[in-house]
Amino acid sequence: MTTLSCTKPLSIRQFFDRDSCTYTYLLVDTNSHQGAIIDGVKEQLARDLQSIEQLGIELLYAIETHVHADHVSSAGLIRQKTGAQIVYSKAAGIKSIDIELNDGDILPLGQYQIKAIKTPGHTTGCMSFYIENSVFTGDTLLIRGCGRTDFQQGSTEALYSSVTDKLFNLPGETLVYPGHDYNGNTCSTIDEEIKWNPRLGKKKSLIEFINIMDNLNLALPKKINEAVPANEGCGIHVKANAYVHDDFSISALYEIWQQKDPDNLIVDNRSKEEYQQGHVPNSQNIPLGTEPDYLAYFKKFKHIYIYCHSGRRSQTALTNLAMMGLENISCVSHSGFDDWKALGYPIAR
Ligand SMILES: [Fe+2]
């Protein structure tokens, strides 16, 4: 950290997107007027560009805390309009960006330094950013909460370690600026979260935390199937040749099944126990979360069709497979094996 004598402070502006409850931050070194934006939302581009212009900011960076599933990022458009460099964690695996950060890397911002802290768990590529006495935690640590860990290669264990071993070891007075808030809170401190966070504070054990996270029963974000592929292109374009279809009916699956085309793979991604009690004949049981183990196998097929019990797990698997680079995937959504049974289609046990 350089110690220039200066009187003008770091300015932090916090903006809110009502639709996705996302916080966007503008950090400005008010001496040099150099700035950075964190987690810009595409729909709020005009608002953010206006602030950047009116405050006379030379925007150096468009930083993303992770690949968002609930909104499309404005990073690509911000780069086009301002020349800012797009910054992601290297672990996010996003191409067409300018700066890939590893744990501990530093981004200079005028007289300040932004320090990258790798905080995987909500996604593998999550990163928090520390500057002065503030930390921008993305979806890793929220005010009295934390990000979910049930898709995008999330890991409850990794999130626990990121928060308790890394973020909770920052100075207690550090201000916590999260990626979202759904209750009207804007800011917290590390000390407050250690004391009051109901999921991770009060020295919660890993076992207690896993138990909480396993029982959240959250619906998928509305925009996940649009936002994740779009954000892999920094919010500008979706992979042109990807055919990812998330609105497939159970009767459409039956038609595919009747074709018995060996180039098609039908995946049942329920648990082993559910599968054993009855499944679509010739379907393969690949329980949710084990997809990475089957990458080479998936690549042997022209098209993959996924179903589960209700359509929730199959949609999550579809997103996981698309993020692994697979194309030509369809999932049965808003329906599943119960409807297959109800329609009297054949069942194997
Ligand atoms: Fe997120």
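Refer to the preceding data block for the structure.
Residues numbered from 1 in each chain as written. Predicted model: local features only at pLDDT ≥ 70, side-chain atom pairs only at ≥ 80, totals over all residues. Heavy atoms only, no water.

Chemist: What's the story with the overall build of the chain in this structure? I'm lost.
Modeler: Scanning the chain from terminus to terminus reveals eleven helices and 19 strands. In terms of C-alpha radius of gyration, the chain reaches 22 Å, essentially the compact-globule figure of 20 Å for 349 residues. Across its three principal directions, the C-alpha atoms of the chain cover 75 × 45 × 35 Å. By the burial criterion, 52% of the 349 residues in the chain qualify as buried. (Helix = DSSP H or I, 4+ residues; strand = E, 2+ residues; numbered from the N terminus. Rg over C-alpha atoms; globule rule 2.2 N^0.38 Å. Buried < 20%, exposed > 50% of the residue type's maximum accessible area, 1.4 Å probe, protein only.)

Chemist: Help me out: how do you make sense of the sheet that holds strand β1 (residues 10-17) in this one?
Modeler: The pairing of strands in a sheet happens through backbone hydrogen bonds and is either parallel or antiparallel. Spatially, the six strands line up as an open sheet ordered β1-β2-β3-β4-β5-β6, and their pairing is mixed. Looking at strand neighbours, the two that pair on one side only are β1 and β6 (99-101), the edges of this open sheet. Direction aside, the axes of adjacent strands within the sheet are offset by 20 degrees on average. Pairing analysis gives five bridges linking strand β3 (residues 34-38) to strand β4 (residues 58-63), with the strands arranged parallel. Bridging from a neighbouring strand, Gln-34 pairs with Glu-58 of β4. Contacts from helix α1 (residues 45-54) reach β1, β2 (22-29), β3 and β4 within the one sheet, and its direction differs from that of β1 by about 160 degrees. (Pairing = 2+ DSSP bridges. Axes fitted to C-alpha atoms, helices over the stretch in contact; angles between N-to-C directions. Contact = heavy atoms within 4.5 Å.)

Chemist: I would appreciate a short explanation of the environment of Leu-343 in the present structure.
Modeler: Topologically, Leu-343 is positioned in the segment after α11 (337-342). We classify Leu-343 as partly exposed; its relative accessible area is 48%. Linking Leu-343 and Val-41, residues 302 residues apart in sequence, is a C-alpha distance of 43 Å.

Chemist: Mind showing me how you'd approach the pairing of strand β16 (residues 264-268) here?
Modeler: In regular strands, side chains alternate between the two faces of the sheet. By the criterion of burial, β16 is predominantly enclosed, with five of the five residues buried. What you see with β16 is no split at all: Asn-264, Ile-266 and Asp-268 on one side and Leu-265 and Val-267 on the other are buried throughout. Two strands pair when backbone bridges link them, and β16 and strand β18 (residues 303-307) are joined in this way by five bridges, in the parallel orientation. The partner of Asp-268 across the bridge, within β18, is Tyr-307. Bridging between β16 and strand β17 (residues 284-285) involves two bridges; their strand directions are parallel. Directly across from Val-267, in β17, lies its bridge partner Gln-284.

Chemist: I'm lost on unusual backbone geometry in this one. Help?
Modeler: Glycine aside, residues mostly have negative phi, and peptide bonds are mostly found in the trans state. With a phi angle near 65 degrees, His-33 is a residue other than glycine that sits in the positive phi range. Tracing the backbone shows His-33 in the loop between β2 and β3. For His-33, a relative accessible area of 35% gives the class partly exposed. Although it is not a glycine, Asn-217 sits at a positive phi angle of roughly 50 degrees. Within the secondary structure, Asn-217 is located in the loop between α5 (206-214) and α6 (224-232).

Chemist: Quick question: what am I supposed to make of the packing of aromatic side chains here?
Modeler: Centre distance and the angle of the planes are the two values used to describe a pair of aromatic rings. Across all of its chains, the model carries 15 aromatic pairs by this definition. Between the aromatic rings of Phe-16 and Tyr-23, the centroid separation amounts to 5.2 Å while the plane-to-plane angle is 50 degrees, which identifies the pairing as tilted. Tyr-23 sits in the buried class, given a relative accessible area of 5%. Members of the aromatic cluster, each reached through a chain of ring pairs, are Phe-16, Tyr-23, Tyr-25, Phe-136 and Tyr-177. The ring of Trp-257 carries the charged tip of Lys-260 above its face, separated from the ring centre by 3.5 Å. Over the face of the ring belonging to Phe-337 we find Arg-270, whose NZ or CZ atom lies 4.5 Å from the ring centre. (Phe/Tyr/Trp six-rings, centres within 6.5 Å; stacked < 30°, edge-to-face > 60°. Lys NZ or Arg CZ within 6 Å of the ring centre and 35° of its normal.)

Chemist: Just checking my understanding: could you explain the sheet that holds strand β7 (residues 106-109) for this structure?
Modeler: Strands sit in the order β7-β8-β9-β10-β13-β14 across an open sheet of six strands; the sheet is mixed. The sheet is open, and its two edges are formed by β7 and β14 (188-189), each paired on a single side. Across two bridges, the pairing between strand β13 (residues 175-178) and β14 is antiparallel. Considered in β14, the bridge of Val-176 is made with Ser-188.

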